[in-house]
Amino acid sequence: MAYQFPKNFTWGVSTASHQIEGNTVNDWSEWEQQNAKRLAEEAPKAFGKTSPVWNEVKTDATNPANYISGVGDDSYNRIEEDIALLKELGVKAYRFSIEWSRIEPEKGKFDEVAIKHYVDFIGRLRQENIQPWVTTVHRTIPQWVAKQGGWANKDTVIDYGEYVKVLASHFQDHVQHWLPLNEPILNVGGGFFSGQIPPGRKNPIAGIKALRNMIQAHRLAHQIIHHIIPEAQVGVAHAAIYAEGHKNRWVNCLLVSLLHYVANWIFLDRVKNHLDFIGIQYYTRGVIGFGFARTFIPFVKTYPQSGPHSDMGQEIYSEGLYNFAKLVHRRYHKPIVVTENGVADRNDTHRANVIRSHIAQVARALQDGIDMRGYFHWSLLDNFEWDKGYWPRFGLVHVNRTTLQRTLRPSAEKYKEIIRQNR
Ligand code: BGC
């Protein structure tokens, strides 16, 4: 049965600076240079068996050039092209991130030209009646911040506060919705525990410091933004780490509770008094149990499921979005926005269904009295997928890697129609 969404429900799409702008110089661009060869060599082992499209992507995935962000989608220079796409989709909001390394390439030196670039961009969105939702840090940090230890150093919190002040004071008349940090828990887990992403450390002590500092950073940003823009809505873009117990055995469910606590509630509990809404980013679930595994948590075994999987081998499981939203609602009683949901799907085989089925779960949550305020699809464009490079394709819009030409995928029509009808 079709469900009519509330009139003020926010439909949007999300992107991030490093993944689309092109020619960013930050901790990631440096890390890519150092790791591209290794990532290309490791790809067959990482995705050869799990990616349903391995045969189609293996040439790219084993090529080191795939792992260099480089020109991106050249979105920094193609503002009008991207805005035309947003208009075509009919979205009410666009979530994007500001590249800190452009705004403050050296400590304390703020670049007026870069600031003006974003001010103008936001102005253009406003003219087109598209709400800008601003992420201030989506994974990447300037190289000078990385050199001082990144998030593991307390000074980074102070520097970050100065940066946020600059953004809030320049954008105050035009930006109401703010997401200071994107997926802090993945930043900390990947950067300081598993070492999979920059700074590539395996140092739990530094990891705990980084977590503490990111908690402080969020609180500080909330305070600064509200001081400058009293009516602002400040949330966090939280990675929904969602699991279910294998065969529903009680020991496995206990493990799930433990995992949910560590991966979700530790951070959210500590920032809950500094949140006007909670952004959840949901892609998949894990079915887990006690057992031996060669992962960085050696006693947690993941059980593969049948059914459709993304090109990256992630299970497509829409009910998880509802279940996770319910957990968040029960624990915090705050408005919830799905700030990311999407699928790596180069042939557009599953995307229309992913859109429909996940939005249906948002509707279900609303009908159960959960205060769902919006849905943002990841992503507007095919983009640089971090340590996987360019082969996974998340875009509603296909981007040709040679010409950078943008073409709407058929599934985008599905999303367009849902937005148009608001149902
Ligand atoms: C991140 C995005 C990423 C997406 C798809 C999220 O965890 O915020 O930057 O591209 O997932 O994997």
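Before reading on, note that the structure itself is shown above.
Procedures and definitions
- Residues numbered from 1 in each chain as written.
- Predicted model: local features only at pLDDT ≥ 70, side-chain atom pairs only at ≥ 80, totals over all residues.
- Heavy atoms only, no water.
- Buried < 20%, exposed > 50% of the residue type's maximum accessible area, 1.4 Å probe, protein only.
- Helix = DSSP H or I, 4+ residues; strand = E, 2+ residues; numbered from the N terminus.
- Arc of directions from axis to C-beta.
- Contact = heavy atoms within 4.5 Å.
- Axes fitted to C-alpha atoms, helices over the stretch in contact; angles between N-to-C directions.
- Left-handed = near helix turned anticlockwise from the far one by under 90°.
- Nonpolar A, V, L, I, M, F, W, Y, C, P; charged D, E, K, R; others polar.
- Near = heavy atom within 4 Å.
- Polar contact = N/O pair within 3.5 Å; in protein donor to acceptor, adjacent residues only side chain to side chain.
- Areas by Shrake-Rupley, 256 points an atom, 1.4 Å probe, with all protein chains shown as cover.
- Pairing = 2+ DSSP bridges.
- Salt bridge = Lys/Arg side-chain N within 4 Å of Asp/Glu carboxyl O.
- 1 Å grid on protein atoms, 1.4 Å probe; cavity = no way out; pocket = protein on both sides within 12 Å on 5 of 7 lines; lining within 4 Å.
- Points joined across faces, edges and corners; volume = space filled by probe spheres on them.

Chemist: I would appreciate a short explanation of helix H3 (residues 54-61) in the present structure.
Modeler: Each turn of an α-helix holds 3.6 residues, which means side chains three or four residues apart point in the same direction. Restricting attention to buried positions, one finds in H3 the residues Trp54, Val57 and Ala61. Looking straight down H3, one finds that the buried residues subtend no more than 80° of arc, so they occupy a single side. Along H3, exposed side chains directed more than 90 degrees from the buried face belong to Asn55 and Thr59. Check the buried side of H3 and you find it contacts helix H2 (27-47).

Chemist: Just to check I follow, could you spell out the packing of helix H12 (residues 319-332) against helix H13 (residues 351-367) for this structure?
Modeler: Two numbers describe a pair of packed helices, the interaxial angle and the distance between the axes. The contact between H12 and H13 brings their axes to 8 Å, and the two run at 35°. At the point where H12 passes H13, the crossing takes the right-handed sense. For the pair H12 and H13, the contacting residues are Glu319, Leu321 and Tyr322 in the first and His358, Gln361, Val362, Arg364 and Ala365 in the second. Classifying every residue of the contact of H12 with H13 by side-chain character gives four nonpolar, two polar and two charged.

Chemist: Just checking my understanding: could you explain the site of the ligand for this structure?
Modeler: In the vicinity of the ligand, the contacting residues are Gln19, His138, Arg139, Asn182, Glu183, Gln281, Tyr283, Glu340, Trp378, Glu385, Trp386 and Phe394. Measuring from an oxygen atom of the ligand, one finds a side-chain N or O atom of His138 at 2.8 Å. The side chain of Trp378 places a nitrogen or oxygen atom 3.3 Å from an oxygen atom of the ligand. In isolation the ligand offers 320 Å² of accessible surface; the protein chains occlude 93% of this area. Here the residues of the shell around the ligand are counted per class, giving four nonpolar, four polar and four charged.

Chemist: Looking at this model, I keep getting lost on the sheet that holds strand S11 (residues 336-341). Mind explaining?
Modeler: Pairing between sheet strands relies on hydrogen bonds along the backbone, with the strands arranged either parallel or antiparallel. As summarised here, the arrangement of the nine strands in space is S5-S4-S3-S2-S1-S12-S11-S8-S6, forming an open sheet in which the pairing is parallel. The open sheet terminates on both sides in strands that have one partner only, identified here as strand S5 (233-234) and strand S6 (237-239). For strand S3 (residues 131-137) and strand S4 (residues 177-181), the ladder comprises four bridges, and the chain directions are parallel. What sits directly across from Val134, in S4, is Trp178. On the sheet, helix H10 (residues 204-228) packs against S4 and S5 and is oriented at approximately 155° with respect to S4.

Chemist: What exactly am I supposed to notice about unusual backbone geometry here?
Modeler: Phi is mostly negative for residues that are not glycine, and the peptide bonds are mostly trans. Look at the link from Pro198 to Pro199: it is a cis peptide, with omega at 5°. Structurally, Pro199 is set in the loop between helix H9 (184-193) and H10. Here Trp378 and Ser379 are connected by a cis peptide whose omega angle stands at 15°. Positive phi is not limited to glycine here, since Asn248 has a value of about 55°. Along the chain, Asn248 turns up in the loop between strand S7 (243-245) and helix H11 (250-271).

Chemist: Honestly, the pattern of salt bridges in this entry has me stumped. Any pointers?
Modeler: It is possible for side chains bearing opposite charge to pair when their charged atoms get close. Counted according to the given criterion, the structure contains 29 salt bridges. When the shortest N-O distance is used, the salt bridge between Arg406 and Glu81 registers 3.8 Å. Here Arg406 is found in strand S14 (residues 406-408), whereas its partner Glu81 is found in helix H4 (residues 79-89), with 325 residues between them in sequence. Across the pair Glu417 and Arg420 runs a salt bridge whose closest N-O atoms are separated by 2.7 Å. Note that Glu417 and Arg420 are positioned in helix H14 (residues 410-421) at a spacing of three residues, about one turn of the helix.

Chemist: Is there a simple way to explain the layout of surface pockets in this structure?
Modeler: Vacant regions in the atomic arrangement are exposed by a probe of water-molecule size rolled over the atoms. In this structure, the second largest pocket encloses a volume near 310 Å³. As for the second largest pocket, its lining consists of 19 residues, and the residues nearest its centre are Asp27, Ile141, Ala146, Pro198 and Pro199. Put simply, the parts of the chain that give the lining of the second largest pocket at least two residues each are H2, helix H7 (143-147) and H9. Class assignment of the residues belonging to the lining of the second largest pocket gives a composition of nine nonpolar, five polar and five charged.

Chemist: Would you mind showing me how to read the sheet that holds S7 here?
Modeler: In spatial order, the strands read S7-S9-S10; together these three strands make up an open sheet with mixed pairing. Single-partner strands in this sheet number two, and they are S7 and strand S10 (300-302). Ignoring which end each strand starts from, the neighbouring axes of this sheet average 45° apart. When strand S9 (residues 286-290) meets S10, the two strands line up antiparallel, connected through three bridges. Its bridge partner lying in S10, Ile288 is registered against Thr302. Its contacts with the sheet put H11 on S7, S9 and S10, and the angle it makes with S9 is roughly 115°.

Chemist: Explain empty space enclosed by the protein to me, please; I cannot follow it from the model alone.
Modeler: According to the stated counting rule, one finds two cavities of 30 Å³ or more in the structure shown. The space that makes up the largest cavity amounts to roughly 140 Å³. Of the residues contributing to the lining of the largest cavity, the split by class is eight nonpolar, five polar and three charged. Considered as a void within the structure, the second largest cavity measures approximately 60 Å³ in volume.

Chemist: Help me understand the side chain of His309 in this model?
Modeler: Along the chain, the position of His309 falls in the loop between S10 and H12. Within the structure, the side chain of His309 is placed 3.4 Å from the backbone oxygen of Gln305, a separation counted as a polar contact. Among the polar contacts listed, one links the side chain of His309 to the backbone oxygen of Gly307, at a separation of 2.7 Å. Among residues more than four places away in sequence, those in contact with His309 are Pro52, Gln314, Glu315, Ile316 and His350.

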